[in-house]
Amino acid sequence: MKKLILFSLISLFSIGIKAQDSGLKGAWTGKLNVFGSELTLVFHFNGEDCTLDSPDQGVKGVPAKLERTVTGIKVAVPSINASYEGVNMGESIMGTFKQHGQSFPLTIKPGLLKRNRPQTPAMPYPYQTQEVSFNNGDAILKGTLVIPKNASRQTPVLLMVTGSGLQNRDEEIFEHKPFAVIADALARAGIATLRYDDRGFGESTGDVVNCTTEDLKNDALAGVQLLRSRFDKVGVIGHSEGGTIALMLAAEKKVDFIVSLAGMAVSGKETLLWQNRLALAAANIPSETIDLYCKALDEVFDACISGTAMPSTTQYNLPTSLAQNLAVVTKQLQTPYMKHFLALDSRPLLGNITCPVLALNGTKDTQVDSESNLDALRSGLQKNAKNKLEAIEGVNHLFQHCKTGMATEYGNIEETIAPEVLEKMVCWLSNL
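Counting of residues starts from 1 at the beginning of each chain's written sequence and follows it residue by residue. Only residues with pLDDT of 70 or above have their local features reported here, since the model is predicted, and side-chain atom pairs are shown and tallied only from 80 upward, although totals for entire chains, interfaces and linings are computed over all residues. Processing note: side-chain calculations cover all non-hydrogen atoms of the structure and skip hydrogens and water entirely.

(A) Here's a closer look at the overall build of the protein chain. Helix numbers and strand numbers start at the N terminus; a helix is a DSSP run of H or I with at least 4 residues, a strand a run of E with at least 2. Scanning the protein chain for helices and strands turns up nine helices and 17 strands. The globule rule used for comparison is 2.2 Å times the number of residues to the exponent 0.38, while the radius of gyration itself is calculated over C-alpha atoms. For 432 residues, the compact-globule estimate of 2.2 N^0.38 gives 22 Å, and the C-alpha radius of gyration of the protein chain, at 22 Å, lies within 12% of that figure. By principal-axis analysis of the C-alpha atoms, the protein chain measures approximately 70 × 55 × 40 Å. The burial tally for the protein chain puts 54% of its 432 residues in the buried class. Throughout, a residue-residue contact means that at least one pair of heavy atoms, one from each residue, lies within 4.5 Å. Put simply, 66% of the contacts in the protein chain that link residues at least 6 apart link residues at least 24 apart. Total accessible area on the protein chain is roughly 18400 Å²; 52% of this is exposed by carbon and sulfur atoms. Positive residues here are Lys and Arg, negative ones are Asp and Glu, while His and the chain termini are left out of the count. A charge is said to be at NZ when it belongs to Lys, at CZ for Arg, at CG for Asp and at CD for Glu. Each charge sign in the protein chain was given a centre, from 41 positive and 45 negative side chains, and these centres are 3 Å apart. Here the term buried applies to any residue with accessible area under 20% of the maximum for its type, exposed to any over 50%, and partly exposed to those in between, with areas from a 1.4 Å probe on protein chains only. The method behind every accessible area is Shrake-Rupley, applied with a 1.4 Å probe, and residues are considered shielded solely by the protein chains displayed.

In structure tokens form, the structure reads like this:
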């Protein structure tokens, strides 16, 4: 799911290394602290060869390049304008990861980080799986169709749509695989699913530079059309931005029912302002400074939406760190995706939705506000006895039981998704 907080989060889409250091063997692991969030990196050294994993992002086996220096190693990452340089300390390599002018300390040590994820399904499965593909224009989407025992055309099926950002079909994050867990629970209850790698990620292809949420919606629609050829009852289950896409497809009468998990019904602009305000408060920034920063951010967002000149980031008299962050944010907004996302607002579409809707949002979600989005759905959707809109107490954006709900907790929680959330989905879908 794309982290909607606009603080400059690093995206490790591709990193390359080629080793000349025959002294480095096996896996070396380190944690990158990116504005309070930890990102695990794993280098696999084997003689002169090397690959890199970012398990928190579901990225594995990326080919890489390594230069030997007098005191250690230097890694060049031109594809993301980044580099890592470290000093060999014997049992560790201590160094600095740099990207877009910002520096982050990174120490790597031999060994793998092992996490316990007890809900991840393990073979043998009591259902069938099939690898399938479908396309939206030039984008070819590869996915896994899960078929329960004794399935027929009358078996209900759901297309699973991930949140924003590049993710694999399991929506893998911090080695959690929420979509795999959900698909397993639904299959055991006699409900089929299709989950797929996002365009330009995993086994899927497609333009990710110029795409918008509209393109991602059309990717999902192509998956729905594939399912229509095999099943009579087709729905969508979407998480975060995927929940917004589910609402869009329902408003266009393309699906028979939808499940929105932490879905965004209010605008992208409102969501990002709320996220930033919450994150700044959690960092103990004074309320007056938060108000000033969010006022600046609001004006920057409006300029992006309208296509007018961006205001100068120096005019707001912000503290140096926030002024620098605002400058980074302003650059990040210069993409078709962000311009479209800021203006995206599902509320005008809600009155067109006539199919049943299950919407669940966590009360401790710090990425999509539970209260405002459920209120928008309650006031905007047509009355339907089958609709169920509910706030789940004590769970975060991933529907994990948690303490604070902040993204920094995600990787340290063993639970992938709260059992009661799985039960609510199974019960609602089984009674349509």
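(B) Region of the structure containing the pattern of salt bridges. Here, a salt bridge means any Lys or Arg side-chain nitrogen found within 4 Å of an Asp or Glu carboxyl oxygen. A complete count under the given rule lists 20 salt bridges for this structure. Two residues, arginine 169 and glutamate 131, come together in a salt bridge whose shortest N-O distance is 2.7 Å. You can see arginine 169 sitting in the loop between β12 (157-161) and α1 (178-188) and its partner glutamate 131 sitting in strand β10 (residues 128-136), a full 38 residues away along the chain. The class of arginine 169 is buried, set by a relative accessible area of 9%. Note that lysine 295 is salt-bridged to glutamate 299, the shortest N-O span being 2.8 Å. Of this pair, lysine 295 and glutamate 299 both sit in helix α5 (residues 287-306), four residues apart, which is roughly one turn of the helix. What makes glutamate 299 partly exposed here is its relative accessible area of 28%.

(C) View of the confidence of the model for the protein chain. Per-residue confidence from the predictor is reported as pLDDT, which spans 0 to 100. When pLDDT is averaged along the protein chain, the result is 89, and 93% of the positions lie at 70 or above. In the model, residues 1-22 has pLDDT below 50 throughout and makes 100 contacts with residues more than four positions away in sequence or in other chains.

(D) Up close: helix α9 (residues 419-430). Multiplying 1.5 Å by the residue count of a helix minus one yields the expected span of that helix. With 12 residues, α9 extends 16 Å between its outermost C-alpha atoms, agreeing within 8% with the 16 Å of an ideal straight helix rising 1.5 Å per residue. Among all positions of α9, only Val421, Leu422, Met425, Val426, Trp428 and Leu429 are buried.

(E) A look at helix α2 (residues 213-228). With 16 residues, α2 should reach 22 Å at 1.5 Å per residue; the first-to-last C-alpha distance of 22 Å fits that figure. Of all the residues in α2, the buried ones are Thr213, Leu216, Lys217, Asp219, Ala220, Leu221, Ala222, Gly223, Val224 and Leu227.

(F) Highlighting the nonpolar core. Definition used in this section: a nonpolar core is a set of buried Ala, Val, Leu, Ile, Met, Phe, Trp, Tyr and Cys residues joined via side-chain atoms within 4.5 Å. In this structure, Leu159, Val236, Ile258 and Ile353 are the most contacted members of the largest nonpolar core, which totals 66 residues. Top element by residues in this core is α5. It accounts for eight residues. Excluding anything up to four places from it in sequence, isoleucine 353 contacts Leu247, Ala250, Ala251, Lys253, Leu381 and Gln382. Among the nonpolar cores identified, the runner-up in size contains 30 residues, and Ile182, Ala187, Phe257 and Leu422 belong to it.

(G) Structural view of the packing of aromatic side chains. Here a Phe, Tyr or Trp ring, Trp counted by its six-membered ring, pairs with any other such ring whose centre lies within 6.5 Å, and the pair is stacked when the planes are under 30 degrees apart, edge-to-face when over 60, and tilted otherwise. A complete count under the given rule lists five aromatic pairs for this structure. Here tyrosine 125 and tyrosine 127 contribute two aromatic rings whose centre-to-centre distance is 5.2 Å and whose plane-to-plane angle is 0°, an arrangement assigned as stacked. Look at tyrosine 337 and phenylalanine 341: their rings are 5.8 Å apart centre to centre, the planes differ by 15°, and that puts the pair in the stacked class. Of the two residues, tyrosine 337 and phenylalanine 341 are both situated in helix α7 (residues 336-343); the distance of four residues between them amounts to about one turn of the helix. With a relative accessible area of 8%, tyrosine 337 lands in the buried category.

(H) Seen up close, the side chain of threonine 162. Mapped onto the fold, threonine 162 is located in the loop between β12 and α1. If we skip the residues at most four places from it in the chain, threonine 162 touches Gln167, Asn168, Glu171, Phe179, Asp198, His239, Glu241 and Gly242.

(I) Highlighting a nonpolar patch on the surface. Excluding any residue in a salt bridge, patches collect residues exceeding 30% relative accessible area, merging like charges within 9 Å and nonpolar Val, Leu, Ile, Met, Phe, Trp and Tyr side chains within 5 Å. Together, Val87, Met89 and Met94 make up an exposed nonpolar region whose accessible area comes to about 280 Å². Mapping valine 87 onto the fold places it in strand β7 (residues 82-88).

(J) Highlighting the sheet that holds β12. The mixed open sheet is built from eight strands, whose spatial order is β10-β11-β13-β12-β14-β15-β16-β17. Lying at the two open borders of the sheet, with one neighbouring strand each, are β10 and β17 (388-392). Taken over all neighbouring pairs, the strand axes of this sheet differ in orientation by 20° on average, direction set aside. Strand pairing requires that DSSP identify at least two bridges connecting the strands. Axes here refer to lines fitted to C-alpha atoms; in helices the fit is confined to the stretch in contact. Angles between the N-to-C directions go from 0 to 180 degrees.

(K) Quick peek at unusual backbone geometry. The peptide bond linking methionine 123 to proline 124 adopts the cis configuration, its omega dihedral lying at 0°. Within the element layout of this structure, proline 124 appears in the loop between β9 (102-110) and β10. Phi at asparagine 150 is positive, roughly 60°, even though this residue is not glycine. Structurally, the position occupied by asparagine 150 is in the loop between β11 (139-147) and β12.

(L) Spotlight on the state of the cysteines. Note on terminology: pairs of cysteine sulfur atoms within 2.5 Å are recorded as disulfides. Scanning the model with the defined rule gives zero disulfides in all. Cysteine 211 takes part in no disulfide bond, and the closest cysteine sulfur to it belongs to cysteine 304, at a distance of 15 Å. Summary of cysteine pairing: cysteine 355 is not part of a disulfide, and the nearest cysteine sulfur, belonging to cysteine 427, is at 18 Å.

(M) Broad picture of the pairing of β12. When you tally the buried positions in β12, you get five out of five residues, the bulk of the element. Residues of β12 alternate between two faces, with Val157, Leu159 and Val161 on one and Leu158 and Met160 on the opposite face, all of them buried. Sheet analysis places β12 next to strand β13 (residues 192-196), joined by four bridges and oriented parallel. Bridging from a neighbouring strand, valine 157 pairs with alanine 192 of β13. Since β12 and β13 lie parallel, the crossover through α1 that links them has a hand, and here it is right-handed. Direction of pairing for β12 relative to strand β14 (residues 234-239): parallel, over a ladder of five bridges. The residue of β14 that forms the bridge with leucine 158 is glycine 235. Throughout, right-handed denotes a crossover for which the path from the first strand over the helix to the second runs clockwise when the strands point away from the viewer.

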